[in-house]
Amino acid sequence: MRIALEPVSSRTTIQEGVYQQLRNALMAGNFDPGQTLTIASLAETFGTSNMPVREALRRLAAENALEVAANGSARIPIVTLARLDDLCRARIAVEGLAAELGIPRLTATDIATLERIAAEQHAIGRSSNVYELMARNQQFHFTIYRASGSEVLLQLIETLWLRFGPYMRMLSASVEPLMRSGEIDPAGPHFPIIEALKASDFARARDGVVADIRRTHEILRDYCPATEDEPRAKGSASALRR
């Protein structure tokens, strides 16, 4: 598996370590839509017995991040246009509210952190490491959402990002060649959001966060099959450059 899973640290429980690493990998889009994850292969990767892996898969299935088969193996959900539209509507509603609440509460240190993350995205783009880029994108958004102070909103957003993971995987495959050629800005709309924050234009910054979600939705609609039985659409490179 082409993912950054590591043996579980002794500083945490084995079960929780397996769960958190898998959860983070799913949120970052490290697995292909429809990919099967077997207990045996994951246990070998983590250097654990089957039991903590089985329990982690069960917990992730309860969060609708995975589909577990009768034999205990798990499958990454298939992407469809209807699911994409549904997820993005929910993301705009929930993340828009978290941004609205969090943006006025961001400190100068938080804004400096966002600026650093966006600069790292720009630098990462030159190396075409799309998975590092996606990880920085997650850090950028959650820095804003955590400032909302809402535990409920954060839990909802994490669940939505878990279910959005297969779509991020699809997006990363489309973005990588354009990053390599220098045709798109790896930081996307993050610098305009930072500019709005520095100007204390909270409404514009919140609108920038929502626009980022809408743009991702628009791009993915060109690549997403209408149903599980249809092949994935090839999409349009021009949509990624907009």
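Not measured: the values here are computed from a predicted model.

Moving on, we come to the overall build of the chain. In terms of regular secondary structure, the chain is built from 10 helices and 3 strands. Ordering the α and β elements of the chain from the N terminus gives α-β-α-α-β-β-α-α-α-α-α-α-α. Split into buried and exposed, the 242 residues of the chain put 50% on the buried side. A fraction of 74% describes how many contacts in the chain between residues 6 or more apart in sequence connect residues 24 or more apart. Carbon and sulfur atoms form 51% of the exposed surface of the chain, whose accessible area is close to 11600 Å².

Let us now look at the confidence of the model for the chain. Regions with low pLDDT should not have their predicted coordinates read in detail. The pLDDT averaged across the chain works out to 87; a share of 85% of its residues lies at or above 70. Predicted confidence is poor over residues 236-242, with pLDDT under 50, and the contacts of this stretch with residues over four places away or in other chains come to 20 contacts.

With that settled, consider the packing of aromatic side chains. In this description, a pair of aromatic rings is defined by centroid distance and the angle of the planes. Summed over all chains, the structure comprises 3 aromatic pairs. A ring pair is formed by Phe-142 and Trp-161, whose centres lie 5.2 Å apart and whose planes are at 75°; its orientation type is edge-to-face. In this pair, Phe-142 sits in helix α6 (residues 130-146) while Trp-161 sits in helix α7 (residues 151-181), placing the two residues 19 residues apart along the sequence. The burial state of Phe-142 is the same as that of Trp-161; both residues are buried. Aromatic rings pair up to connect Phe-142, Tyr-145 and Trp-161 into one cluster. Positioned over the ring face of Tyr-19 is Arg-59, at 3.6 Å from the centre of the ring. Arg-91 extends its terminal NZ or CZ atom over the ring of Phe-164, reaching a point 4.7 Å from the ring centre.

This next bit is on the nonpolar core. If you look at the biggest cluster of nonpolar residues, it comprises 67 residues, and the most contacted ones within it are Leu-22, Ile-144, Tyr-145 and Tyr-167. Two domains each donate at least three residues to this core, and these are domain 1 (14-76) and domain 2 (81-239).

Attention now goes to helix α1 (residues 14-27). For α1, which comprises 14 residues, the first-to-last C-alpha distance of 20 Å matches the rise-based estimate of 20 Å (1.5 Å per residue) to within 8%. What α1 keeps buried is the set Gly-17, Val-18, Tyr-19, Gln-21, Leu-22, Arg-23, Ala-25, Leu-26 and Met-27. The positive-phi residue at the C-terminal boundary of α1 is Gly-29, with phi of around 75°.

If you walk through the whole model with that rule in mind, you get 15 salt bridges. For Arg-58, the salt bridge goes to Glu-55, with nearest N and O atoms at 2.4 Å. Highlighted residues: Arg-58 and Glu-55, both in helix α3 (residues 50-62), separated by 3 residues, approximately one helical turn. We note a salt bridge from Glu-95 to Arg-91, for which the minimum N-O separation is 2.6 Å. Residue Glu-95 and its partner Arg-91 are located together in helix α4 (residues 81-102), separated by 4 residues, close to a single helical turn. Comparing Glu-95 with Arg-91, the two get one shared label, buried. Shared partners join several salt bridges into a network, and the residues in it are Arg-116, Glu-120, Glu-132 and Arg-136.

With that settled, consider unusual backbone geometry. Trans is the common state for peptide bonds, and a negative phi is the common state for residues other than glycine. Of note, Asn-64 is a non-glycine position whose phi angle comes to about 65°, a positive value. On the secondary structure map, Asn-64 appears in the loop between α3 and β2 (67-68). Unusually for a residue other than glycine, Ser-200 sits at a positive phi of about 55°. On the secondary structure map, Ser-200 appears in the loop between α8 (190-198) and α9 (202-221).

Moving on: the packing of α4 against α6. To characterise two packed helices, one gives the angle between the axes of the helices and the distance between these axes. The N-to-C vectors of α4 and α6 enclose an angle of 60°; their axes lie 7 Å apart at closest approach. Here Glu-95, Ala-98, Ala-99 and Gly-102 of α4 lie close against α6, whose contacting residues are His-141, Ile-144 and Tyr-145. Residue classes in the contact of α4 with α6 are distributed as 4 nonpolar, 2 polar and 1 charged.

Here α6 spans 24 Å end to end across 17 residues, near enough to the 24 Å set by a 1.5 Å rise per residue. Of all 17 residues making up α6, 12 are buried, and the element is well covered by its neighbours. Among the residues of α6, those classed as buried are Val-130, Leu-133, Met-134, Arg-136, Asn-137, Gln-138, Phe-140, His-141, Phe-142, Thr-143, Ile-144 and Tyr-145.

What counts and what doesn't
- Residues numbered from 1 in each chain as written.
- Predicted model: local features only at pLDDT ≥ 70, side-chain atom pairs only at ≥ 80, totals over all residues.
- Heavy atoms only, no water.
- Helix = DSSP H or I, 4+ residues; strand = E, 2+ residues; numbered from the N terminus.
- Buried < 20%, exposed > 50% of the residue type's maximum accessible area, 1.4 Å probe, protein only.
- Contact = heavy atoms within 4.5 Å.
- Areas by Shrake-Rupley, 256 points an atom, 1.4 Å probe, with all protein chains shown as cover.
- pLDDT = per-residue confidence, 0-100.
- Phe/Tyr/Trp six-rings, centres within 6.5 Å; stacked < 30°, edge-to-face > 60°.
- Lys NZ or Arg CZ within 6 Å of the ring centre and 35° of its normal.
- Core = buried A, V, L, I, M, F, W, Y, C linked by side-chain atoms within 4.5 Å.
- Domains from an automatic or database assignment.
- Expected span 1.5 Å × (residues − 1).
- Salt bridge = Lys/Arg side-chain N within 4 Å of Asp/Glu carboxyl O.
- Axes fitted to C-alpha atoms, helices over the stretch in contact; angles between N-to-C directions.
- Nonpolar A, V, L, I, M, F, W, Y, C, P; charged D, E, K, R; others polar.

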